[in-house]
Amino acid sequence: MRRNILFHLLLAGSLMVLSSACEHEIAFDYPESDAQVVFNGRISNEGVSVQISRTRPMSDSTRNHFISDAQVWIAADDGSEEQLSFDHQRQCYSSPTGLVGQPGRAYTMRAVVDGQRYEATSTMLPATTVDSIYFRWIEVLKKRIYFVCIKGCNALPGQRNYCLLRLFRGDELFRWTPHSGRSSTDDRYEYDLVCSSEDDINKGIDDDGKIPLRDGDSLRAEVISIDRTAWEFYHSLSYGQASTSNALSNIRGGAQGVFMACSITRPDTIVFRRDSIQ
């Protein structure tokens with residue numbers, strides 16, 4: 001599938017926003033006196049992880065402290081329920097029995113933090129397939145911009161599909177973006193994720209002081225099938241980081257953040273070498 005010229009111009013215009021936003025922690029814009037509980041939770045084909053923290057004043061530069069004395073449960077629509085335990089090494093609540101999610105099932109996270117109850121529900125979709133992953137570049141306004149391109153088959157043929165793409169360089173999140181779209185006639189997708197411009201690579205650092213792609217960098221990807229509520233969170237978060245507005249949380253009870261049931265696909269690791277990119 002070929003992207004049209006307007007699409008590339010829009011991508012080029014948003015490159016600086018994406019480059020500066022993708023590595024930041026989830027931030028919520030609240031007055032210093034209004035600390036909010038924040039959830040970052042998921043159940044997937046790889047297990048369960050729920051982190052709970054609080055917003056901090058902008059002047060607080062200390063590392064985030066995760067809440068370890070909450071009560072957290074995961075309930076499925078088949079009537080089963082399990083209480084999670086806090087894993088001090090991973091700094092999150094996890095399943096003591098190795099619980100993993102099943103596609104098609106709805107899961108509800110329930111939590112009690114300092115006597116306040118919170119709840120969120122998400123439905124787990126099937127995993128997407130990945131047929132190929134590679135680097136490519138386009139020239140916009142006489143500048144070369146590099147992308148990671150991922151191709152495969154949608155999880156839900158003939159329906160609107162939602163996913164979250166994440167790229168890791170080593171153990172650090174390098175880029176991320178949410179996608180949504182209806183399947184084409186052959187139920188295939190092609191997603192592009194902006195990585196770096198040629199100018200930033202040559203400078204060795206971008207305008208925000210972040211290190212762009214370098215020759216020899218290895219990137220591993222996650223293609224995560226999510227439901228609409230999770231997509232709305234990440235979609236609004238991607239815009240909110242540029243405008244300091246808060247993302248659309250799916251947590252009921254007054255907290256921020258997201259809980260999602262999702263399926264994770266991990267394609268092969270790819271290595272960035274400019275000379276070999278078409």
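For the structure, check the block above.
Just so we're clear, the structure is a prediction, and the values are computed from it rather than from any experiment.

Visitor: Give a detailed account of the sheet that holds strand β13 (residues 188–197), specifying residues and quantitative values.
Guide: Sheet architecture is open: three strands sit in the order β9-β10-β13, paired in antiparallel fashion. Of all the strands in the sheet, the pair left with one neighbour each is β9 (129–140) and β13. Averaged over neighbouring strand pairs, the angle between their axes works out to 25° when direction is ignored. Note: β9 against strand β10 (residues 143–153), 11 bridges, orientation antiparallel. Paired with Phe-135 across the strands is Val-148, a residue of β10.

Visitor: Give a detailed account of the environment of Val-48, specifying residues and quantitative values.
Guide: Among the structural elements, Val-48 can be located in strand β2 (residues 47–54). C-alpha separation for the pair Val-48 and Cys-92, spaced 44 residues apart in sequence, amounts to 9.3 Å. Filtering out sequence-adjacent residues up to four positions away, Val-48 remains in contact with Arg-42, Ile-43, Ile-74, Leu-84, Arg-90, Tyr-93, Ser-94, Ser-95 and Leu-99.

Visitor: I'd like a description of the nonpolar core, backed by residues and values.
Guide: Nonpolar side chains in soluble globular proteins generally cluster together in the buried interior. Counting residues in hydrophobic clusters, the biggest one holds 25 residues, and the most contacted among them are Phe-39, Val-50, Ile-52, Val-72 and Tyr-93. Those elements giving two or more residues to this core turn out to be β1 (37–44), β2, β3 (71–76), β7 (106–113), β8 (116–123) and β15 (256–265). Considering every element that reaches this core, the biggest residue donor is β7, with four residues. With near-sequence residues (within four places) excluded, Val-72 lies in contact with Val-50, Ile-52, Glu-82, Gln-83, Leu-84, Tyr-93, Met-109, Arg-110 and Ala-111.

Visitor: I'd like a rundown of the pattern of salt bridges, residues and numbers included.
Guide: Counted according to the given criterion, the structure contains 18 salt bridges. One salt bridge in this structure joins Arg-105 and Asp-78, with 4.0 Å as the shortest N-O distance. One end of the pair, Arg-105, is in the loop between β6 (92–94) and β7; the other, Asp-78, is in the loop between β3 and β4 (81–83), with 27 residues separating them in the sequence. Put simply, Arg-274 and Glu-198 hold a salt bridge, and the shortest N to O gap is 3.1 Å. Remark: Glu-198 occurs in helix α2 (residues 198–203) and Arg-274 occurs in the segment after β16 (270–271); sequence separation between them is 76 residues. Where salt bridges share partners, they join Glu-46, Arg-166, Glu-222 and Arg-266 into one cluster.

Visitor: An account of unusual backbone geometry is requested, with residue identities and associated values reported.
Guide: In this structure, Asp-114 is a non-glycine residue whose phi angle is positive, near 55°. Within the fold, Asp-114 resides in the loop between β7 and β8. Its relative accessible area of 64% is what places Asp-114 among the exposed residues. Backbone geometry places Leu-141, a non-glycine residue, at a positive phi of 55°. Tracing the sequence through the fold places Leu-141 in the loop between β9 and β10.

Visitor: Kindly report on the packing of aromatic side chains, identifying the contributing residues and their values.
Guide: Taken as a whole and assessed by the stated rule, the structure comprises eight aromatic pairs. Measuring from ring centre to ring centre gives 5.0 Å for Phe-86 and Tyr-93, while their planes differ by 65°; the resulting arrangement is edge-to-face. Through successive ring pairs, a cluster of aromatic residues spans Phe-135, Tyr-146 and Phe-272. Taking NZ or CZ as reference, Arg-136 lies 5.4 Å from the ring centre of Phe-147, over its face.

Visitor: Lay out the sheet that holds β4 with the relevant residues and their values.
Guide: If you trace the four strands from one edge of the open sheet to the other, you get β4-β3-β7-β8, paired in antiparallel fashion. Taken across any chain shown, the strands that pair with only one partner, and hence form the sheet edges, are β4 and β8. Going across the sheet, the axis of each strand differs from the next one's by a mean of 15°, ignoring polarity. Sheet topology places β3 next to β7; six bridges connect them, and they run antiparallel. Looking at β7, one finds that Ile-74 is bridged to Met-109.

Visitor: Account for the environment of Cys-262, with residues named and values stated.
Guide: Considering the arrangement of structural elements, one finds Cys-262 in strand β15. Once you skip the residues sitting within four places of it in the chain, Cys-262 turns out to touch Arg-42, Ile-43, Ser-44, Asn-45, Met-124, Ile-224, Ser-225 and Ile-226.

Conventions we followed
- Residues numbered from 1 in each chain as written.
- Predicted model: local features only at pLDDT ≥ 70, side-chain atom pairs only at ≥ 80, totals over all residues.
- Heavy atoms only, no water.
- Pairing = 2+ DSSP bridges.
- Helix = DSSP H or I, 4+ residues; strand = E, 2+ residues; numbered from the N terminus.
- Axes fitted to C-alpha atoms, helices over the stretch in contact; angles between N-to-C directions.
- Contact = heavy atoms within 4.5 Å.
- Core = buried A, V, L, I, M, F, W, Y, C linked by side-chain atoms within 4.5 Å.
- Buried < 20%, exposed > 50% of the residue type's maximum accessible area, 1.4 Å probe, protein only.
- Salt bridge = Lys/Arg side-chain N within 4 Å of Asp/Glu carboxyl O.
- Phe/Tyr/Trp six-rings, centres within 6.5 Å; stacked < 30°, edge-to-face > 60°.
- Lys NZ or Arg CZ within 6 Å of the ring centre and 35° of its normal.

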